[in-house]
Amino acid sequence: MTVKDPQSLAEEREARFFGAMELKATDRVPFTGLGGDIVAAYGGISNAEYTFDYDLQRQATVKYLRDFPSDLPASGGAGIGNIFLSLAFLDFPDLSTSIAFTTGPYNDVLGVKFCRFPGRELPDNSSMQYLGGAYMEPKEYDELIADPVKFSYEKIVPRTSTNLENLSSPTALATMARLGIEMAKHRASSRALGKELAALGYPSVVRGLGWAPLDYIGDQLRDIPNLVLDLRRHPDKVKAAVEALMEPLLKMSLMYKDVGAKYIFIPLHLNEYLSPKLYNEFFWPTLKEIILKLFEAGLKSQVFFEGWQDPHLETILELPAGWGVAYFEKTDVRKAKKLLQGHTCIMGGIDVSDIISSTPAKLDQYVKELFAEMMPGGGFIFSPNIGYLPRETPIENVRAVYEAVEKYGKY
């Protein structure tokens, strides 16, 4: 058996992943790997240690990825999206792209109100949590519409970060200085990890972040129950707001191209809460426009259709063939393939709950049967339906999935 050098292996893995995006059948089904809290557990450390100790995090990640190789480097929890802050500093691209996620150490500096971390607000082996909240009143839609960036900086950031409540205070200035110091530590750790992963043959694939405008309002500003009410009580305001948000959110995503991103990850949350009528009136038009603009700029989108996307599947056909990846959580990828084969790369395929509760033999058989249906014609990326396995996941089940990919995934 020929042992490939790390660079050749990385090139092979990257070609496999992006080949599937181009709807091709490469040498093997690309596999994103199984990440989450299992990485810390396998490394023999707590979730809190993984979150707050960069050296322990790097060591645990390298150990896991050495023993469980995949086409992309699966990892533990990286952080929680802080689009408020990223949008507030939109005119400063180097900063905006770097603070789109709040890590545990960043949160120690900022004091963010909408999330909680293990070893701080949560027990050491808990998973990080996103709480959300209603940080904007209905009467403030006009301010949001007039200038989303200014509104985010002047109104939302102070409401969501304890240490930035008074932007002109010494506390706020010290917070930004401390955040810069912490960002430098994080970047140094990321470079060190990148070198070790390169030695293991992992490609350096940069992924940008995107947001559906209505999701930004529902997830970040009003919370989902309030937004659903707003769609009935203030439909014109909501529609004007999503249109006003489209340009700055698109600009935020395009910034990632300058740091080497080839695709943009867009997680959806409201899609399964909306009827087809509301989806097509308020949600889809601006999301579709962002995906098209990114495609025109040479960036594919990886849209995570969380929940059930079944009522809205056919809207994906309104996009050009090869636009990107439809990543499904609850929608059956087999059903999606029947509609989207030759048009859209499909990602997903195995439920995390099955990995947790099944047996190695059953998982082996499941992957075999799934691949028999999904492989023909290419354009399929194998992935868990959510990228987060808990600590308690049986390691023999994890190993069974990886072995099944090697056994049955070759074209």
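Structure shown above.
The structure displayed is predicted, hence computed values, not measured ones. (Residues numbered from 1 in each chain as written. Predicted model: local features only at pLDDT ≥ 70, side-chain atom pairs only at ≥ 80, totals over all residues. Heavy atoms only, no water.)

### Let's talk about the packing of helix H11 (residues 213-222) against helix H12 (residues 224-233)
H12 packs onto H11 with a crossing angle of 125° between their chain directions and a minimal axis gap of 8 Å. What the angle tells us is that H11 and H12 run oblique. Considering only the axes of H11 and H12, their crossing is right-handed. Contacts from Leu214, Ile217, Gly218, Asp219 and Arg222 in H11 reach Ile224, Asn226, Leu227, Asp230 and Leu231 in H12. (Axes fitted to C-alpha atoms, helices over the stretch in contact; angles between N-to-C directions. Helix = DSSP H or I, 4+ residues; strand = E, 2+ residues; numbered from the N terminus. Parallel < 35°, antiparallel > 145°, perpendicular 65-115°, else oblique. Left-handed = near helix turned anticlockwise from the far one by under 90°. Contact = heavy atoms within 4.5 Å.)

### Observations regarding the packing of helix H17 (residues 360-374) against helix H18 (residues 395-408)
Their axes nearest at 9 Å, the elements H17 and H18 cross at an angle of 35°. Crossing angle aside, the handedness with which H17 passes H18 is right-handed. When H17 is examined against H18, the residues Pro360, Leu363, Asp364, Val367, Lys368 and Phe371 are found in contact with a partner set consisting of Glu396, Asn397, Ala400, Val401, Ala404, Val405, Lys407 and Tyr408.

### Points about the sheet that holds strand E8 (residues 324-328)
Two modes of strand pairing occur in sheets, parallel and antiparallel, and in both the strands are linked by backbone hydrogen bonds. Ordered in space as E5-E6-E7-E8-E9-E10, the six strands form an open sheet in which the pairing is parallel. The open sheet has two edge strands with one neighbour each: strand E5 (207-209) and strand E10 (380-384). The mean inter-strand angle of the sheet, taken between neighbouring strand axes irrespective of direction, is 25°. Judged from the six bridges that link them, strand E6 (residues 263-268) and strand E7 (residues 300-305) form a sheet pairing that is parallel. Bridging from a neighbouring strand, Leu268 pairs with Phe305 of E7. (Pairing = 2+ DSSP bridges.)

### Focus on the nonpolar core
Core analysis: the biggest nonpolar cluster contains 125 residues, and Leu214, Phe328 and Phe382 have the highest contact counts within it. With nine residues, the single largest contributor to this core is helix H14 (residues 276-296). Residues within four places of Phe328 in sequence aside, it is in contact with Phe304, Phe305, Gln309, Leu313, Ile316, Val333, Ala336, Leu340, Ile346, Met347, Gly348 and Asn385. (Core = buried A, V, L, I, M, F, W, Y, C linked by side-chain atoms within 4.5 Å. Buried < 20%, exposed > 50% of the residue type's maximum accessible area, 1.4 Å probe, protein only.)

### So, the environment of Ala177
Within the secondary structure, Ala177 sits in helix H10 (residues 170-199). Here Ala177 falls in the partly exposed class, since its relative accessible area comes to 46%. A C-alpha to C-alpha distance of 9.5 Å links Ala177 and Val109, two positions 68 residues apart in sequence.

### Notes on empty space enclosed by the protein
Sizing a probe to match a water molecule and rolling it over the atoms shows the empty space that remains. Here the structure, examined in full by the defined rule, presents one cavity of 30 Å³ or more. Lining of the largest cavity is provided by 13 residues; of these, Asp37, Tyr50, Thr51, Gly77 and Tyr388 occupy positions nearest its centre. It is helix H3 (residues 47-52) that provides the largest number of residues to the lining of the largest cavity, a total of three residues. In the lining of the largest cavity, the residues fall into five nonpolar, seven polar and one charged. (1 Å grid on protein atoms, 1.4 Å probe; cavity = no way out; pocket = protein on both sides within 12 Å on 5 of 7 lines; lining within 4 Å. Points joined across faces, edges and corners; volume = space filled by probe spheres on them. Nonpolar A, V, L, I, M, F, W, Y, C, P; charged D, E, K, R; others polar.)

### Some details on the packing of aromatic side chains
Overall, the coordinates contain 23 aromatic pairs when judged by the stated rule. Their ring planes at 70° and their centres at 4.9 Å tell us that Phe31 and Tyr402 sit as a pair that is edge-to-face. Pair noted here: Phe31 is in the loop between helix H1 (6-21) and helix H2 (38-42) and Tyr402 is in helix H18, with a separation of 371 residues, a long-range link. An identical accessibility class is assigned to Phe31 and Tyr402; each is buried. Positioned above the aromatic ring of Phe265 is the side chain of Arg207, whose terminal nitrogen or guanidinium carbon lies 4.1 Å from the ring centre. (Phe/Tyr/Trp six-rings, centres within 6.5 Å; stacked < 30°, edge-to-face > 60°. Lys NZ or Arg CZ within 6 Å of the ring centre and 35° of its normal.)

### Describing unusual backbone geometry
The phi torsion of most residues other than glycine is negative, and most of the peptide bonds are trans. Notably, Leu23 is not glycine yet its phi reads approximately 70°, a positive angle. Structurally, Leu23 is set in the loop between H1 and H2.

### Some points on the pairing of E6
For E6, the buried fraction is high: six of the six residues fall into the buried class. Here E6 shows no split at all, with Tyr263, Phe265 and Pro267 on one side and Ile264, Ile266 and Leu268 on the other all buried. With three bridges joining them, E5 and E6 adopt parallel strand pairing. Each residue of the ladder has a partner; that of Arg207, found in E6, is Tyr263. Handedness of the crossover joining E6 and E7 through H14 is recorded here as right-handed. (Right-handed = clockwise from strand over helix to strand, strands pointing away.)

### Structural notes on the pattern of salt bridges
Within this structure, the stated rule accounts for 27 salt bridges. Two residues, Asp27 and Arg16, come together in a salt bridge whose shortest N-O distance is 2.7 Å. Taken as a pair, Asp27 in the loop between H1 and H2 and Arg16 in helix H1 lie far apart in primary sequence, 11 residues in all. Arg16 is the partner of Asp71 in a salt bridge, and the nearest nitrogen-oxygen pair spans 2.5 Å. Within this pair, whereas Asp71 is found in the loop between helix H4 (54-67) and strand E1 (80-81), its partner Arg16 is found in helix H1, the two being separated by 55 residues in sequence. Each member of the pair, Asp71 together with Arg16, is buried. One network of salt bridges, in which partners are shared, links Lys4, Glu12, Arg16, Asp27, Arg28, Asp71, Glu406 and Lys410. (Salt bridge = Lys/Arg side-chain N within 4 Å of Asp/Glu carboxyl O.)

### Observations regarding the side chain of Glu140
If you trace the backbone, Glu140 turns up in the loop between strand E4 (129-130) and helix H8 (141-146). Look at Glu140 and you get buried, because its relative accessible area is 6%. One polar contact links Glu140 to Arg159, side chain to side chain, over a distance of 2.7 Å. With sequence-adjacent residues up to four places away left out, Glu140 is seen in contact with Tyr135, Phe151, Lys155 and Arg159. (Polar contact = N/O pair within 3.5 Å; in protein donor to acceptor, adjacent residues only side chain to side chain.)

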